[in-house]
Structures are given as C-alpha cells and as structure tokens.
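# Notes for the structure review
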Amino acid sequence: IIWFLGDESTSDETFSVAEQVKIKEYLNNGGKFFVTGSEIAWDLDFKGSVADKNFYHDYLKAVFLEDGLSGRSPATGIQPGDFSDLKLTYGVVYPEDYPDVLSPNGGSVIIFKYNQGSTAGVAYKGNFGGNFAIGSVVNLGFPLETVQDKEEISMFFKKILKYFDILVTVEEPEEFEKNIFVYPTVFKERFNIVFQNLENEIAEIELFRIDGTCVLSEKFNYQESIELNPGNINDGIYLLKIVINGRTKFYKLIKR
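Think of each chain on its own: its residues are numbered from 1, step by step along the sequence as written. In keeping with the model being predicted, local features are shown solely for residues with a pLDDT of at least 70 and side-chain atom pairs are shown and tallied solely at 80 or more, while totals for entire chains, interfaces and linings include all residues. The side-chain quantities take in all heavy atoms of the structure and omit both hydrogens and water.

Any residue with an atom within 4 Å of a point lines the site, the site being either a cavity, points on a 1 Å grid over the protein atoms alone where a 1.4 Å probe fits but cannot get out, or a pocket, an open set with protein on both sides within 12 Å along at least 5 of 7 lines. Grid points are joined across faces, edges and corners, and a volume is the space filled by probe spheres set on the points. By volume, the largest pocket amounts to about 700 Å³. Counting only elements with at least two residues in the lining of the largest pocket, the list comes to β2 (32–37), α4 (150–163), β13 (202–209) and β16 (236–244). Taken together, 13 residues line the second largest pocket, and the ones lying closest to its centre are K22, E25, Y26, I210 and D211. Every element with two or more residues in the lining of the second largest pocket is listed here: α1 (17–28) and β16. For this scheme, ten residues count as nonpolar: Ala, Val, Leu, Ile, Met, Phe, Trp, Tyr, Cys and Pro. Four count as charged, namely Asp, Glu, Lys and Arg, and the remainder, Gly too, count as polar. Of the residues that constitute the lining of the second largest pocket, the class distribution is five nonpolar, three polar and five charged. A run of H or I in DSSP becomes a helix once it reaches four residues, and a run of E becomes a strand once it reaches two; helices and strands are each numbered from the N terminus.

Below, the structure written as structure tokens:
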C-alpha cells in the first residue's frame, strides 16, 4: 500500500479511526506499507489522542520530534543502508514549509536525513501487534510527491520495492506469453489455464492474496488444459504466478 498525504494535517484527519483499524489489520497480517506526508507525526503524535499516539508509535514506527522548517531539502539516504546513495529533493512541485522531524521507534531504523542532520524517514521490518507474520513499513516525514526529479523518484521506488521484497520481473518473450491463456479472470469457484506449444515442460503454479499469502501451490507435468479450484478462499483480488522452465508470468484474478 502506498499512502500519500501531502500536507494533510489535524483539520484533515490524516488517519481516521476506521483507517487505523484497517492499517493495523493489514500490517498484523504481514502487509507492506509506505506512507509519506509532512504533518502525519504532528497530527497523530503531537496533537492526537492516546490511541493516535499508540498507532503512530507501534505501527508507523516513529516518534514526533519537531515541526521542521523550510530549507531542509534535500533528504538523503543513510549510509550504509537500504536507501543509501539516494537523494530526494522535495518541495519543488509545491513548497513544503513544515516537514516532520522523526525519531525511530519500536525497532525501526533511520533511512533518510534532512540536509541539517535531523531524521526525515524511518523503516521497519518485523511483526506488528505481537503477531507472527512479518510486515514492513517505510515512513517519510515529507511529501514524496513534491519531488519533481523523475530519476530521484524512480531510484527511490526501485529501492523500496527491494526493501519490501517485491519481485519485479523482466518482460518475457512475446512467444512465451502467447502460449499461456488464463480464464475466466473473474471466477466464482474455478479458473482454467491453457498451454500451447509447451510440451515436456513442468508448470509451477502459485496463487497469492494481495498481502503476499500463498493460498494455492501446485506443480503439473505438461497438460494442454488445467482446471484449478483454490478452495474456500475469500472474495477479492489475487495474483497468479506461473513458472515454466525459469520463465515467469503473472496474472491478476478476481474471486467473486
């Protein structure tokens, strides 16, 4: 989940009670959450209720230190670290006067600092709420969308996808894609996979929920058509992964 908040503050309610409940549930179950904005810590930790403070400390993994001033751009990645060698020149698309200054909390680490040395961002990997699932969060105290430089944005998202352990695949040859058909992509109980011109191959098939949980894993020797029933799974969006001889293809499916 990518959560952009810009300059939203106390009058806008950065995270409502209902939103906090959803984010807690998501992270408790191993979700990957990136949040960016200039007044989140101010709203939740400085001006918020006890519940707001606990949410910010325990789930966004930071503590509010101060309302930063203008002129602290760019934010640079800490070395060594997962975001080292990065520079984010924020406040260009629109001015940013009061970026939040943060402190890591609950096992998080500093990943970005403002140009005068205070903490601009933190990151955390581990369990949330005492649950076993491993989730992760990246929390920036300034609005990423105010960075105008496309190369800076591109490099940041490459780093964050790697930090979240999200696989980014290279496009496969066109002929490989044309030899696999999945239908229906919106299914009630079953869906089908049809293979063409893939004799003597083994297909590895996995179905994932959007939180990364695998709900189906099968291997098949070559067959022209396979019908799959993932069983009693909840309605929602799923990611189907098909691997054949080291080549990978993903499909989005919807269970209704």
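Moving on, we come to the side chain of E152. Along the chain, the position of E152 falls in helix α4. Note on exposure labels: buried denotes an accessible area under 20% of the residue type's maximum, exposed denotes more than 50%, and partly exposed covers the range between, all computed with a 1.4 Å probe on protein chains only. When charges are counted, neither His nor the chain ends are considered; positive counts come from Lys and Arg and negative counts from Asp and Glu. What makes a salt bridge here is a side-chain nitrogen of Lys or Arg within 4 Å of a carboxyl oxygen of Asp or Glu, nothing more. K87 is the oppositely charged side chain nearest to the buried, salt-bridge-free E152, at an N-O distance of 4.1 Å. Note on contacts: a residue pair is in contact if any heavy atoms of the two residues lie within 4.5 Å. Residues in contact with E152, not counting those within four places in the same chain, are K87, L88, T89 and V147.

Moving on, we come to the nonpolar core. Take the buried Ala, Val, Leu, Ile, Met, Phe, Trp, Tyr and Cys residues and link them wherever side-chain atoms come within 4.5 Å; each set so joined is a nonpolar core. Formed by 22 residues in total, the largest nonpolar core has its most connected members in F15, F33, V35, I40, Y56 and L60. Mapped by element, the contributors of at least two residues to this core are β1 (2–6), α1, β2, α2 (40–46), α3 (50–59), β3 (62–67) and β8 (119–126). Once you skip the residues sitting within four places of it in the chain, Y56 turns out to touch I40, A41, L44, D45, K61, A62, V63, F64, L102 and N139. In this structure, F34, F83, L86 and F156 belong to the second largest nonpolar core, which totals 21 residues.

Moving on to the pattern of salt bridges. When their charged atoms lie close together, side chains carrying opposite charge are able to pair. Across all of its chains, the model carries six salt bridges by this definition. Between E66 and R72 there is a salt bridge; the shortest N-O distance is 3.9 Å. Using a relative accessible area of 34% as the deciding quantity, one classes E66 as partly exposed. What makes R72 buried here is its relative accessible area of 9%. The salt bridge involving E227 is made with R190; its shortest N-O contact spans 3.7 Å.

With that settled, the discussion passes to the sheet that holds strand β15 (residues 225–228). One requirement defines pairing of two strands: DSSP has to find at least two bridges between them. As summarised here, the arrangement of the three strands in space is β10-β12-β15, forming an open sheet in which the pairing is antiparallel. Pairing within the sheet leaves two strands with one partner each, and these edge strands are β10 (180–183) and β15. Neighbour-to-neighbour, the strand axes of the sheet open up by a mean angle of 15 degrees, direction not taken into account. Bridge analysis of β10 against strand β12 (residues 191–195) gives four bridges, and the strand direction is antiparallel. Residue pairing in the sheet places Y183 in a bridge with N192 of β12. Helix axes are fitted only over the stretch in contact, all axes being lines through C-alpha atoms; the angle between N-to-C directions runs from 0 to 180 degrees.

Next up on the list: the sheet that holds strand β11 (residues 186–187). Taken in spatial order, the five strands line up as β11-β17-β16-β13-β14 in an open sheet, and their pairing is mixed. On the outer flanks of this sheet lie β11 and β14 (214–221), each paired with one strand and no other. Alignment of β11 against strand β17 (residues 247–255), held across two bridges, turns out to be parallel. Of the residues in β17, the one forming a bridge with F187 is K255.

This paragraph deals with the environment of N105. Topologically, N105 is positioned in the loop between β6 (100–104) and β7 (109–113). The residues contacting N105, other than those within four sequence positions of it, are H57, K61, A62 and V63. Here a polar contact is recorded for every N or O atom pair within 3.5 Å, except that within protein the pair must consist of a potential hydrogen donor and a potential acceptor, and residues adjacent in sequence are included only if both atoms are side-chain atoms. For N105, the side chain forms a polar contact with the main-chain oxygen of H57, separated by 3.0 Å.

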